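Chains, contacts and geometry: an overview
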Amino acid sequence: MKRKIGKVGLLLILIAVIGLIIYTVSNPVDMSNLEGYEPSAYATWIALLPPVIAIVLALVTKEVYSSLLLGVLSGALIYSNFNLEMALNTMFFNEEGGMLYKISDTFNAGILVFLIFLGILVALMNKAGGSAAFGKWAVKHIKTRIGAQIATIVLGMLIFIDDYFNCLTVGSVMRPVTDTHKVSRAKLAYLIDATAAPVCIIAPISSWAAAVTSSVPEDAGVNGFQTFIRTIPYNFYAILTIIMMFYLTIRRLDFGPMKKHELNAYKGDLFTSGQEDISKMIEEQISKKGKVIDLIVPVLFLIGICVCTMVYTGGFFSGVDFVTAFGDADASAALVLGGFITILFTFFFYLIRGVLTFDEFMKCIPEGFKAMVAPILILTLAWTLSGMTNLLGAKYFVAGLVEGSAAALQSMLPAFVFLVALGLAFATGTSWGTFGILIPIVLGVFPSGEMMVISIASCLAGAVCGDHCSPISDTTIMASAGAQSNHINHVSTQLPYALTCAAVSCVTYIIAGFVKNPYISLPAGIILMILTLIIIEKVTGREPEEK
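Below is a short write-up of the structure. (Residues numbered from 1 in each chain as written. Predicted model: local features only at pLDDT ≥ 70, side-chain atom pairs only at ≥ 80, totals over all residues. Heavy atoms only, no water.)

Judged by side-chain polarity, Y312, F316, F317, F322, V323, L337, F340, I341, L344, F348 and I352 come together as a nonpolar surface patch covering roughly 1,100 Å² of accessible area. Going through the elements one at a time, α17 (322–327) and α18 (331–353) are the ones with two or more residues in the nonpolar patch. Residue contributions to the nonpolar patch peak at 6 residues, all from α18. Positionally, Y312 belongs in helix α16 (residues 293–313). (Patch = residues over 30% accessible without salt bridge, like charges linked within 9 Å, V, L, I, M, F, W, Y side chains within 5 Å. Areas by Shrake-Rupley, 256 points an atom, 1.4 Å probe, with all protein chains shown as cover. Salt bridge = Lys/Arg side-chain N within 4 Å of Asp/Glu carboxyl O. Helix = DSSP H or I, 4+ residues; strand = E, 2+ residues; numbered from the N terminus.)

Take a look at the structure:
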(Lines give C-alpha, C1' and ligand atoms only; values in the text may rest on other atoms or scores of the structure.)
Protein backbone atom coordinates (compact mmCIF):
# COMPACT_ATOMS: atom_id res chain seq x y z
CA MET A 1 0.00 0.00 0.00
CA LYS A 2 2.75 2.42 0.96
CA ARG A 3 4.61 1.62 -2.26
CA LYS A 4 1.50 2.35 -4.35
CA ILE A 5 0.93 5.65 -2.53
CA GLY A 6 4.58 6.54 -3.13
CA LYS A 7 4.29 5.84 -6.85
CA VAL A 8 1.06 7.82 -7.12
CA GLY A 9 2.69 10.73 -5.29
CA LEU A 10 5.71 10.69 -7.60
CA LEU A 11 3.42 10.54 -10.64
CA LEU A 12 1.45 13.57 -9.39
CA ILE A 13 4.66 15.50 -8.76
CA LEU A 14 5.92 14.65 -12.27
CA ILE A 15 2.62 15.81 -13.81
CA ALA A 16 2.78 19.05 -11.79
CA VAL A 17 6.37 19.74 -12.91
CA ILE A 18 5.49 19.09 -16.56
CA GLY A 19 2.50 21.41 -16.23
CA LEU A 20 4.68 24.16 -14.72
CA ILE A 21 7.24 23.78 -17.53
CA ILE A 22 4.52 24.04 -20.19
CA TYR A 23 3.00 27.09 -18.44
CA THR A 24 6.43 28.74 -18.14
CA VAL A 25 7.27 28.20 -21.81
CA SER A 26 3.90 29.56 -22.93
CA ASN A 27 4.06 32.57 -20.53
CA PRO A 28 7.66 33.85 -20.61
CA VAL A 29 8.79 36.57 -18.17
CA ASP A 30 11.45 39.19 -18.91
CA MET A 31 13.80 38.48 -15.96
CA SER A 32 15.88 41.59 -16.75
CA ASN A 33 12.98 43.98 -16.12
CA LEU A 34 11.20 43.20 -12.84
CA GLU A 35 11.31 46.67 -11.29
CA GLY A 36 8.03 47.38 -9.50
CA TYR A 37 6.89 43.76 -9.81
CA GLU A 38 4.26 42.68 -7.28
CA PRO A 39 2.67 39.21 -7.12
CA SER A 40 -1.12 38.87 -7.26
CA ALA A 41 -1.13 37.30 -3.77
CA TYR A 42 0.85 40.18 -2.20
CA ALA A 43 -0.27 41.12 1.33
CA THR A 44 -3.18 38.63 1.28
CA TRP A 45 -3.85 35.56 3.42
CA ILE A 46 -2.18 33.48 0.69
CA ALA A 47 1.15 35.04 1.76
CA LEU A 48 0.97 32.90 4.92
CA LEU A 49 0.58 29.63 2.99
CA PRO A 50 4.32 28.79 2.50
CA PRO A 51 5.20 28.66 6.21
CA VAL A 52 1.91 26.85 6.95
CA ILE A 53 2.76 24.25 4.29
CA ALA A 54 6.25 23.77 5.73
CA ILE A 55 5.00 23.49 9.31
CA VAL A 56 2.17 21.06 8.54
CA LEU A 57 4.43 18.85 6.42
CA ALA A 58 7.13 18.84 9.10
CA LEU A 59 4.68 17.79 11.80
CA VAL A 60 3.00 15.16 9.60
CA THR A 61 6.05 13.62 7.89
CA LYS A 62 8.53 14.14 10.78
CA GLU A 63 11.05 15.18 8.09
CA VAL A 64 12.19 18.77 8.36
CA TYR A 65 14.49 19.22 5.31
CA SER A 66 11.99 18.33 2.57
CA SER A 67 9.20 20.16 4.43
CA LEU A 68 11.19 23.40 4.57
CA LEU A 69 12.31 23.02 0.97
CA LEU A 70 8.71 22.52 -0.23
CA GLY A 71 7.65 25.55 1.83
CA VAL A 72 10.37 27.64 0.16
CA LEU A 73 9.45 26.34 -3.31
CA SER A 74 5.73 26.99 -2.77
CA GLY A 75 6.52 30.56 -1.67
CA ALA A 76 8.66 31.14 -4.76
CA LEU A 77 5.94 29.72 -7.04
CA ILE A 78 3.24 31.91 -5.48
CA TYR A 79 5.52 34.97 -5.76
CA SER A 80 6.21 34.24 -9.45
CA ASN A 81 2.52 33.47 -10.23
CA PHE A 82 3.65 29.89 -10.95
CA ASN A 83 6.24 30.73 -13.58
CA LEU A 84 8.91 28.06 -12.95
CA GLU A 85 11.85 30.06 -14.33
CA MET A 86 11.03 33.09 -12.22
CA ALA A 87 10.35 30.89 -9.17
CA LEU A 88 13.79 29.28 -9.31
CA ASN A 89 15.49 32.65 -9.78
CA THR A 90 13.50 34.08 -6.86
CA MET A 91 14.27 31.10 -4.64
CA PHE A 92 18.03 31.38 -5.09
CA PHE A 93 18.92 34.85 -6.38
CA ASN A 94 16.31 37.36 -5.24
CA GLU A 95 18.15 40.12 -3.37
CA GLU A 96 15.47 40.46 -0.71
CA GLY A 97 14.70 36.83 0.05
CA GLY A 98 16.76 34.41 -2.07
CA MET A 99 18.84 31.68 -0.47
CA LEU A 100 22.22 32.97 -1.65
CA TYR A 101 21.50 36.46 -0.35
CA LYS A 102 20.25 35.10 2.97
CA ILE A 103 23.48 33.13 3.42
CA SER A 104 25.65 36.08 2.36
CA ASP A 105 23.89 38.46 4.76
CA THR A 106 26.60 39.40 7.27
CA PHE A 107 24.41 38.81 10.32
CA ASN A 108 23.26 35.38 9.11
CA ALA A 109 26.75 34.42 7.96
CA GLY A 110 28.07 35.38 11.38
CA ILE A 111 25.58 33.08 13.09
CA LEU A 112 26.63 30.19 10.81
CA VAL A 113 30.31 30.81 11.56
CA PHE A 114 29.56 30.96 15.29
CA LEU A 115 27.74 27.63 14.99
CA ILE A 116 30.85 26.13 13.41
CA PHE A 117 33.08 27.56 16.16
CA LEU A 118 30.77 26.10 18.82
CA GLY A 119 30.83 22.73 17.07
CA ILE A 120 34.63 22.80 17.02
CA LEU A 121 34.76 23.83 20.69
CA VAL A 122 32.44 20.98 21.69
CA ALA A 123 34.53 18.53 19.67
CA LEU A 124 37.68 19.80 21.38
CA MET A 125 36.17 19.50 24.87
CA ASN A 126 35.02 15.97 24.09
CA LYS A 127 38.36 14.93 22.63
CA ALA A 128 40.31 16.46 25.51
CA GLY A 129 38.19 14.50 27.96
CA GLY A 130 36.64 17.57 29.56
CA SER A 131 33.06 16.49 28.87
CA ALA A 132 33.70 12.97 30.18
CA ALA A 133 35.40 14.34 33.30
CA PHE A 134 32.49 16.72 33.91
CA GLY A 135 30.08 13.81 33.49
CA LYS A 136 31.95 11.82 36.15
CA TRP A 137 32.01 14.86 38.44
CA ALA A 138 28.28 15.37 37.93
CA VAL A 139 27.53 11.75 38.83
CA LYS A 140 29.14 12.34 42.21
CA HIS A 141 27.66 15.78 42.92
CA ILE A 142 24.31 15.85 41.08
CA LYS A 143 22.52 12.86 42.51
CA THR A 144 19.05 12.98 40.92
CA ARG A 145 17.17 13.58 37.67
CA ILE A 146 15.52 16.58 39.32
CA GLY A 147 18.93 17.95 40.26
CA ALA A 148 20.21 17.52 36.69
CA GLN A 149 17.21 19.39 35.28
CA ILE A 150 17.40 22.18 37.88
CA ALA A 151 21.11 22.60 37.12
CA THR A 152 20.26 22.92 33.40
CA ILE A 153 17.60 25.56 34.10
CA VAL A 154 19.90 27.57 36.39
CA LEU A 155 22.78 27.48 33.89
CA GLY A 156 20.40 28.56 31.13
CA MET A 157 19.23 31.50 33.23
CA LEU A 158 22.81 32.54 33.95
CA ILE A 159 23.71 32.67 30.24
CA PHE A 160 21.39 35.55 29.34
CA ILE A 161 23.62 37.38 26.86
CA ASP A 162 22.28 35.79 23.69
CA ASP A 163 19.82 32.98 22.92
CA TYR A 164 22.00 31.35 20.22
CA PHE A 165 24.95 31.29 22.57
CA ASN A 166 22.69 29.99 25.35
CA CYS A 167 21.29 27.08 23.33
CA LEU A 168 24.60 25.65 22.22
CA THR A 169 26.59 26.30 25.40
CA VAL A 170 24.01 24.90 27.83
CA GLY A 171 23.51 21.87 25.62
CA SER A 172 27.24 21.17 25.39
CA VAL A 173 27.79 21.48 29.14
CA MET A 174 24.68 19.74 30.48
CA ARG A 175 24.19 16.93 27.95
CA PRO A 176 26.57 14.50 29.71
CA VAL A 177 24.84 15.26 33.04
CA THR A 178 21.27 14.77 31.82
CA ASP A 179 22.28 11.63 29.89
CA THR A 180 23.74 10.15 33.07
CA HIS A 181 20.49 10.76 34.95
CA LYS A 182 18.29 9.47 32.11
CA VAL A 183 16.66 12.75 31.09
CA SER A 184 15.35 12.48 27.53
CA ARG A 185 16.97 14.57 24.83
CA ALA A 186 13.53 16.05 24.05
CA LYS A 187 13.22 17.27 27.66
CA LEU A 188 16.76 18.68 27.57
CA ALA A 189 15.91 20.53 24.33
CA TYR A 190 12.81 22.00 26.00
CA LEU A 191 14.77 23.17 29.05
CA ILE A 192 17.39 24.76 26.78
CA ASP A 193 14.80 26.46 24.55
CA ALA A 194 12.74 27.68 27.50
CA THR A 195 15.76 29.31 29.15
CA ALA A 196 17.03 30.93 25.95
CA ALA A 197 14.63 33.50 24.49
CA PRO A 198 12.40 33.82 27.63
CA VAL A 199 15.42 34.73 29.76
CA CYS A 200 17.01 36.99 27.12
CA ILE A 201 13.77 38.92 26.59
CA ILE A 202 13.65 39.94 30.28
CA ALA A 203 17.40 40.54 30.67
CA PRO A 204 18.39 44.23 30.32
CA ILE A 205 21.88 43.27 29.17
CA SER A 206 21.31 40.98 26.20
CA SER A 207 21.22 41.02 22.41
CA TRP A 208 17.41 40.86 22.66
CA ALA A 209 17.25 44.04 24.74
CA ALA A 210 19.30 45.71 22.02
CA ALA A 211 16.94 44.42 19.31
CA VAL A 212 13.84 45.65 21.16
CA THR A 213 15.44 49.05 21.81
CA SER A 214 16.29 49.43 18.13
CA SER A 215 12.71 48.48 17.14
CA VAL A 216 11.31 51.62 18.78
CA PRO A 217 11.28 54.33 16.06
CA GLU A 218 13.56 57.29 16.78
CA ASP A 219 10.72 59.75 16.14
CA ALA A 220 8.32 57.99 18.54
CA GLY A 221 9.23 60.25 21.45
CA VAL A 222 9.92 57.20 23.63
CA ASN A 223 13.23 56.01 25.11
CA GLY A 224 13.61 52.47 23.78
CA PHE A 225 15.76 51.08 26.60
CA GLN A 226 13.67 52.57 29.39
CA THR A 227 10.54 51.21 27.72
CA PHE A 228 12.13 47.76 27.56
CA ILE A 229 12.86 47.88 31.31
CA ARG A 230 9.22 48.77 32.01
CA THR A 231 7.97 45.81 29.92
CA ILE A 232 9.80 43.20 32.05
CA PRO A 233 7.11 42.70 34.76
CA TYR A 234 4.48 42.58 32.01
CA ASN A 235 6.28 39.91 29.96
CA PHE A 236 4.01 37.19 31.28
CA TYR A 237 4.93 34.42 28.84
CA ALA A 238 8.65 34.63 29.68
CA ILE A 239 8.09 34.76 33.45
CA LEU A 240 5.42 32.04 33.48
CA THR A 241 7.58 29.77 31.30
CA ILE A 242 10.36 29.91 33.90
CA ILE A 243 7.89 29.17 36.72
CA MET A 244 6.40 26.33 34.68
CA MET A 245 9.83 24.73 34.16
CA PHE A 246 10.57 24.65 37.87
CA TYR A 247 7.11 23.26 38.69
CA LEU A 248 7.34 20.51 36.05
CA THR A 249 10.80 19.52 37.23
CA ILE A 250 10.22 19.56 40.99
CA ARG A 251 6.81 17.83 40.77
CA ARG A 252 8.04 15.24 38.20
CA LEU A 253 5.19 16.28 35.91
CA ASP A 254 5.13 15.82 32.15
CA PHE A 255 2.21 15.67 29.74
CA GLY A 256 1.55 15.25 26.04
CA PRO A 257 4.23 13.57 23.86
CA MET A 258 6.92 14.61 26.38
CA LYS A 259 5.60 12.10 28.91
CA LYS A 260 6.31 9.23 26.52
CA HIS A 261 9.84 10.50 25.92
CA GLU A 262 10.53 10.86 29.64
CA LEU A 263 9.13 7.41 30.50
CA ASN A 264 11.25 5.88 27.73
CA ALA A 265 14.30 7.75 29.01
CA TYR A 266 13.60 6.43 32.50
CA LYS A 267 13.95 2.94 30.95
CA GLY A 268 17.18 3.90 29.16
CA ASP A 269 16.01 5.16 25.73
CA LEU A 270 16.97 8.85 25.60
CA PHE A 271 15.81 9.42 22.03
CA THR A 272 12.54 7.45 21.61
CA SER A 273 12.64 7.78 17.80
CA GLY A 274 16.32 7.07 17.35
CA GLN A 275 19.57 8.98 17.71
CA GLU A 276 20.22 11.87 15.36
CA ASP A 277 23.33 12.00 13.18
CA ILE A 278 24.23 15.37 14.74
CA SER A 279 24.80 13.63 18.05
CA LYS A 280 27.66 11.60 16.65
CA MET A 281 30.65 13.61 17.75
CA ILE A 282 34.18 12.34 18.10
CA GLU A 283 34.08 8.70 19.08
CA GLU A 284 37.78 8.00 18.80
CA GLN A 285 40.14 7.67 21.68
CA ILE A 286 39.52 10.35 24.31
CA SER A 287 42.35 11.82 26.34
CA LYS A 288 42.71 10.19 29.75
CA LYS A 289 44.28 13.37 31.13
CA GLY A 290 41.09 15.39 30.83
CA LYS A 291 39.71 17.09 33.93
CA VAL A 292 36.64 19.17 34.73
CA ILE A 293 38.63 22.38 34.16
CA ASP A 294 39.08 21.32 30.52
CA LEU A 295 35.37 21.95 30.06
CA ILE A 296 34.71 24.69 32.60
CA VAL A 297 37.61 27.00 31.67
CA PRO A 298 36.82 27.21 27.90
CA VAL A 299 33.11 27.74 28.61
CA LEU A 300 33.74 30.48 31.19
CA PHE A 301 36.27 32.09 28.87
CA LEU A 302 33.73 31.99 26.04
CA ILE A 303 31.10 33.71 28.22
CA GLY A 304 33.53 36.39 29.39
CA ILE A 305 35.01 37.10 25.98
CA CYS A 306 31.55 37.29 24.36
CA VAL A 307 30.55 39.99 26.87
CA CYS A 308 33.74 41.87 25.96
CA THR A 309 33.21 41.54 22.21
CA MET A 310 29.56 42.59 22.60
CA VAL A 311 30.48 45.90 24.22
CA TYR A 312 33.48 46.23 21.86
CA THR A 313 31.20 46.18 18.80
CA GLY A 314 28.96 48.70 20.58
CA GLY A 315 31.84 51.18 21.03
CA PHE A 316 32.56 50.70 24.75
CA PHE A 317 36.31 50.94 24.25
CA SER A 318 35.82 54.16 22.29
CA GLY A 319 34.21 55.98 25.21
CA VAL A 320 30.57 54.84 25.01
CA ASP A 321 29.00 53.86 28.37
CA PHE A 322 28.47 50.14 29.06
CA VAL A 323 24.65 50.05 28.78
CA THR A 324 24.63 52.05 25.53
CA ALA A 325 27.44 49.90 24.11
CA PHE A 326 25.51 46.74 24.87
CA GLY A 327 22.40 48.21 23.32
CA ASP A 328 24.30 49.12 20.14
CA ALA A 329 26.22 45.83 19.96
CA ASP A 330 26.38 43.76 16.78
CA ALA A 331 25.50 40.34 18.25
CA SER A 332 26.55 38.36 15.18
CA ALA A 333 29.98 40.00 14.84
CA ALA A 334 30.54 39.79 18.61
CA LEU A 335 29.80 36.05 18.72
CA VAL A 336 32.12 35.38 15.77
CA LEU A 337 34.95 37.29 17.45
CA GLY A 338 34.24 35.65 20.80
CA GLY A 339 34.11 32.19 19.27
CA PHE A 340 37.35 32.62 17.33
CA ILE A 341 39.27 34.02 20.31
CA THR A 342 37.97 31.15 22.45
CA ILE A 343 39.19 28.57 19.93
CA LEU A 344 42.66 30.17 20.00
CA PHE A 345 42.64 30.29 23.81
CA THR A 346 41.53 26.64 24.02
CA PHE A 347 44.30 25.63 21.59
CA PHE A 348 47.04 27.03 23.83
CA PHE A 349 45.28 25.95 27.03
CA TYR A 350 45.07 22.30 25.92
CA LEU A 351 48.61 22.26 24.51
CA ILE A 352 50.04 23.66 27.76
CA ARG A 353 48.04 21.14 29.79
CA GLY A 354 49.15 18.34 27.49
CA VAL A 355 45.68 16.89 26.95
CA LEU A 356 45.77 17.29 23.15
CA THR A 357 48.48 17.24 20.52
CA PHE A 358 48.59 19.65 17.58
CA ASP A 359 47.38 16.91 15.19
CA GLU A 360 44.48 15.94 17.47
CA PHE A 361 43.45 19.58 17.73
CA MET A 362 43.40 19.96 13.93
CA LYS A 363 41.36 16.78 13.49
CA CYS A 364 38.67 18.26 15.74
CA ILE A 365 38.08 21.17 13.34
CA PRO A 366 36.38 19.17 10.54
CA GLU A 367 34.62 16.99 13.13
CA GLY A 368 33.09 20.05 14.76
CA PHE A 369 32.08 21.40 11.36
CA LYS A 370 30.37 18.09 10.45
CA ALA A 371 28.41 18.11 13.71
CA MET A 372 26.81 21.43 12.75
CA VAL A 373 25.92 20.62 9.13
CA ALA A 374 22.33 19.63 10.01
CA PRO A 375 21.42 22.79 11.97
CA ILE A 376 23.19 24.96 9.36
CA LEU A 377 21.10 23.38 6.59
CA ILE A 378 17.87 23.83 8.57
CA LEU A 379 18.73 27.44 9.41
CA THR A 380 19.50 28.24 5.77
CA LEU A 381 16.17 26.82 4.60
CA ALA A 382 14.29 28.56 7.45
CA TRP A 383 15.85 31.92 6.58
CA THR A 384 14.95 31.45 2.92
CA LEU A 385 11.36 30.53 3.83
CA SER A 386 11.16 33.70 5.91
CA GLY A 387 12.48 35.61 2.90
CA MET A 388 9.76 34.16 0.65
CA THR A 389 7.11 35.11 3.22
CA ASN A 390 8.41 38.68 3.32
CA LEU A 391 8.44 38.90 -0.48
CA LEU A 392 4.75 37.98 -0.43
CA GLY A 393 3.99 40.82 2.02
CA ALA A 394 2.76 38.64 4.89
CA LYS A 395 3.84 41.23 7.45
CA TYR A 396 1.68 43.91 5.81
CA PHE A 397 -1.33 41.59 5.80
CA VAL A 398 -0.89 40.96 9.54
CA ALA A 399 -0.18 44.64 10.25
CA GLY A 400 -3.41 45.54 8.47
CA LEU A 401 -5.34 43.15 10.70
CA VAL A 402 -3.92 44.79 13.82
CA GLU A 403 -4.47 48.37 12.64
CA GLY A 404 -8.01 47.62 11.48
CA SER A 405 -9.04 46.06 14.77
CA ALA A 406 -7.05 47.98 17.39
CA ALA A 407 -9.29 51.03 17.64
CA ALA A 408 -12.30 49.01 18.79
CA LEU A 409 -10.44 46.87 21.33
CA GLN A 410 -8.80 49.27 23.81
CA SER A 411 -8.39 47.23 27.03
CA MET A 412 -8.42 43.94 25.06
CA LEU A 413 -5.62 45.13 22.78
CA PRO A 414 -2.72 43.54 24.75
CA ALA A 415 -4.31 40.08 24.51
CA PHE A 416 -5.04 40.64 20.82
CA VAL A 417 -1.48 41.82 20.10
CA PHE A 418 -0.14 38.79 21.98
CA LEU A 419 -2.13 36.40 19.74
CA VAL A 420 -1.20 38.25 16.54
CA ALA A 421 2.50 38.29 17.49
CA LEU A 422 2.30 34.59 18.35
CA GLY A 423 0.79 33.75 14.96
CA LEU A 424 3.22 35.91 13.01
CA ALA A 425 6.29 34.54 14.82
CA PHE A 426 4.97 30.98 14.37
CA ALA A 427 4.46 31.48 10.63
CA THR A 428 7.72 33.32 9.94
CA GLY A 429 9.98 31.69 12.57
CA THR A 430 11.40 35.02 13.74
CA SER A 431 10.84 36.85 17.03
CA TRP A 432 12.92 39.90 16.15
CA GLY A 433 11.13 40.40 12.85
CA THR A 434 7.77 40.08 14.60
CA PHE A 435 8.27 42.74 17.22
CA GLY A 436 10.10 44.88 14.66
CA ILE A 437 6.84 44.91 12.66
CA LEU A 438 4.34 45.25 15.50
CA ILE A 439 6.00 47.67 17.95
CA PRO A 440 5.64 50.72 15.61
CA ILE A 441 1.96 49.79 15.11
CA VAL A 442 1.40 49.52 18.87
CA LEU A 443 3.05 52.92 19.37
CA GLY A 444 0.69 54.36 16.79
CA VAL A 445 -2.30 53.19 18.85
CA PHE A 446 -0.87 53.97 22.30
CA PRO A 447 1.96 56.54 21.94
CA SER A 448 2.51 56.76 25.72
CA GLY A 449 1.29 55.60 29.11
CA GLU A 450 0.87 52.23 30.80
CA MET A 451 -1.18 50.72 27.95
CA MET A 452 1.75 51.36 25.61
CA VAL A 453 4.07 49.41 27.94
CA ILE A 454 1.60 46.53 28.39
CA SER A 455 0.96 46.27 24.64
CA ILE A 456 4.66 46.29 23.77
CA ALA A 457 5.26 43.63 26.43
CA SER A 458 2.45 41.50 24.97
CA CYS A 459 4.05 41.88 21.54
CA LEU A 460 7.42 40.69 22.87
CA ALA A 461 5.81 37.81 24.78
CA GLY A 462 3.77 36.69 21.76
CA ALA A 463 6.85 36.81 19.55
CA VAL A 464 8.79 34.58 21.96
CA CYS A 465 5.83 32.19 22.28
CA GLY A 466 5.38 31.88 18.51
CA ASP A 467 9.13 31.38 18.20
CA HIS A 468 8.87 28.49 20.69
CA CYS A 469 6.02 26.82 18.84
CA SER A 470 7.49 27.14 15.35
CA PRO A 471 9.61 24.33 13.85
CA ILE A 472 11.25 26.84 11.49
CA SER A 473 12.47 29.15 14.27
CA ASP A 474 16.26 29.43 14.41
CA THR A 475 16.22 29.35 18.24
CA THR A 476 14.14 26.16 18.20
CA ILE A 477 16.51 24.65 15.66
CA MET A 478 19.57 25.48 17.75
CA ALA A 479 17.94 24.16 20.93
CA SER A 480 17.59 20.84 19.07
CA ALA A 481 21.22 21.10 17.99
CA GLY A 482 22.39 21.95 21.51
CA ALA A 483 20.55 18.97 22.98
CA GLN A 484 21.40 16.84 19.93
CA SER A 485 17.74 15.90 19.81
CA ASN A 486 15.58 14.99 16.83
CA HIS A 487 14.21 18.38 15.75
CA ILE A 488 10.61 17.26 15.15
CA ASN A 489 10.64 15.46 18.50
CA HIS A 490 11.62 18.73 20.16
CA VAL A 491 8.89 20.69 18.39
CA SER A 492 6.11 18.18 19.06
CA THR A 493 7.02 17.70 22.74
CA GLN A 494 7.46 21.41 23.44
CA LEU A 495 4.25 22.52 21.71
CA PRO A 496 1.76 21.48 24.46
CA TYR A 497 3.91 23.21 27.10
CA ALA A 498 4.21 26.42 25.08
CA LEU A 499 0.48 26.50 24.27
CA THR A 500 -0.47 25.89 27.92
CA CYS A 501 1.67 28.82 29.00
CA ALA A 502 0.34 30.89 26.08
CA ALA A 503 -3.27 30.33 27.14
CA VAL A 504 -2.54 31.47 30.72
CA SER A 505 -0.54 34.45 29.40
CA CYS A 506 -3.39 35.53 27.12
CA VAL A 507 -5.86 35.53 30.03
CA THR A 508 -3.34 37.47 32.12
CA TYR A 509 -3.03 40.12 29.39
CA ILE A 510 -6.81 40.55 29.47
CA ILE A 511 -6.51 41.20 33.21
CA ALA A 512 -3.56 43.57 32.68
CA GLY A 513 -5.50 45.54 30.05
CA PHE A 514 -8.15 46.36 32.62
CA VAL A 515 -6.14 46.79 35.86
CA LYS A 516 -3.02 48.35 34.25
CA ASN A 517 -0.89 47.34 37.22
CA PRO A 518 1.90 44.70 37.15
CA TYR A 519 1.65 44.14 40.92
CA ILE A 520 -1.88 42.81 40.41
CA SER A 521 -1.74 41.19 36.97
CA LEU A 522 1.56 39.32 37.41
CA PRO A 523 0.59 37.60 40.70
CA ALA A 524 -2.78 36.77 39.11
CA GLY A 525 -0.96 35.16 36.16
CA ILE A 526 1.33 33.17 38.46
CA ILE A 527 -1.66 31.87 40.45
CA LEU A 528 -3.46 30.91 37.23
CA MET A 529 -0.35 29.12 35.96
CA ILE A 530 0.09 27.09 39.14
CA LEU A 531 -3.62 26.20 39.29
CA THR A 532 -3.49 25.07 35.66
CA LEU A 533 -0.49 22.85 36.34
CA ILE A 534 -2.15 21.41 39.45
CA ILE A 535 -5.19 20.45 37.36
CA ILE A 536 -2.95 18.87 34.69
CA GLU A 537 -1.11 16.97 37.42
CA LYS A 538 -4.40 15.62 38.81
CA VAL A 539 -5.46 14.46 35.34
CA THR A 540 -2.18 13.00 34.01
CA GLY A 541 -0.42 11.94 37.21
CA ARG A 542 3.25 12.22 38.08
CA GLU A 543 6.23 10.23 36.88
CA PRO A 544 7.71 7.51 39.11
CA GLU A 545 10.28 8.43 41.72
CA GLU A 546 13.90 7.60 41.03
CA LYS A 547 15.17 4.26 42.22
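Looking now at the packing of helix α14 (residues 236–250) against helix α26 (residues 487–515). At a minimum axis distance of 9 Å, the contact between α14 and α26 shows a crossing angle of 135°. Classified by the angle between their axes, α14 and α26 sit oblique to one another. Regarding α14 and α26, the two cross each other, and that crossing is right-handed. Listed contacts from α26 to F236, Y237, L240, T241, M244 and L248 of α14 are Y497, A498, T500, C501, A502, V504, S505, T508, Y509 and A512. A class-by-class count of the residues in the contact of α14 with α26 yields 12 nonpolar, 4 polar and no charged. (Axes fitted to C-alpha atoms, helices over the stretch in contact; angles between N-to-C directions. Parallel < 35°, antiparallel > 145°, perpendicular 65-115°, else oblique. Left-handed = near helix turned anticlockwise from the far one by under 90°. Contact = heavy atoms within 4.5 Å. Nonpolar A, V, L, I, M, F, W, Y, C, P; charged D, E, K, R; others polar.)

With that out of the way, let us pick up the packing of aromatic side chains. Scanning the model with the defined rule gives 15 aromatic pairs in all. Relative to Y497, the ring of Y190 lies with its centre 4.9 Å away and its plane at 85°, an arrangement referred to as edge-to-face. Linking Y190 in helix α10 (residues 185–194) with Y497 in helix α26, this pair joins segments that are 307 residues apart in sequence. Using a relative accessible area of 3% as the deciding quantity, one classes Y190 as buried. By relative accessible area, Y497 is classed as buried at 1%. Geometrically, the ring pair formed by F345 and F349 is stacked, given 5.7 Å between the ring centres and 10° between the ring planes. Separated by 4 residues within a single helix, F345 and F349 lie in helix α18, roughly one turn from each other. (Phe/Tyr/Trp six-rings, centres within 6.5 Å; stacked < 30°, edge-to-face > 60°. Buried < 20%, exposed > 50% of the residue type's maximum accessible area, 1.4 Å probe, protein only.)

Turning our eyes to something else, we now look at the environment of N81. Structurally, N81 can be placed in the loop between α3 (64–79) and α4 (84–93). Considered as a pair, N81 and A41 are 40 residues apart in the sequence and their alpha carbons are 8.4 Å apart.

With that settled, the discussion passes to the environment of L302. Secondary-structure assignment places L302 in helix α16. Counting along the chain gives 181 residues from L302 to L121, while the straight-line C-alpha distance between them is 9.8 Å.

An ideal rise of 1.5 Å per residue puts 20 Å on 14 residues; helix α19 (residues 358–371) measures up with 21 Å between its terminal C-alpha atoms. Looking only at α19, the buried set comprises F361, C364, G368 and A371. Buried residues along α19 sit against α6 (106–127), α18 and α20 (373–391). (Expected span 1.5 Å × (residues − 1).)

L115, L124, Y350, L379 and M478 are the most contacted members of the largest nonpolar core, which has 83 residues in total. Setting aside anything within four residues of it in sequence, one finds M478 in contact with I111, L115, Y164, C167, L168 and L379. (Core = buried A, V, L, I, M, F, W, Y, C linked by side-chain atoms within 4.5 Å.)

What follows concerns unusual backbone geometry. Phi at F82 is positive, roughly 70°, even though this residue is not glycine. Relative to the helices and strands, F82 resides in the loop between α3 and α4. By relative accessible area, which is 44% here, F82 ends up partly exposed. In this model, Q484 sits at a positive phi of 55°, which is unusual for a non-glycine residue.

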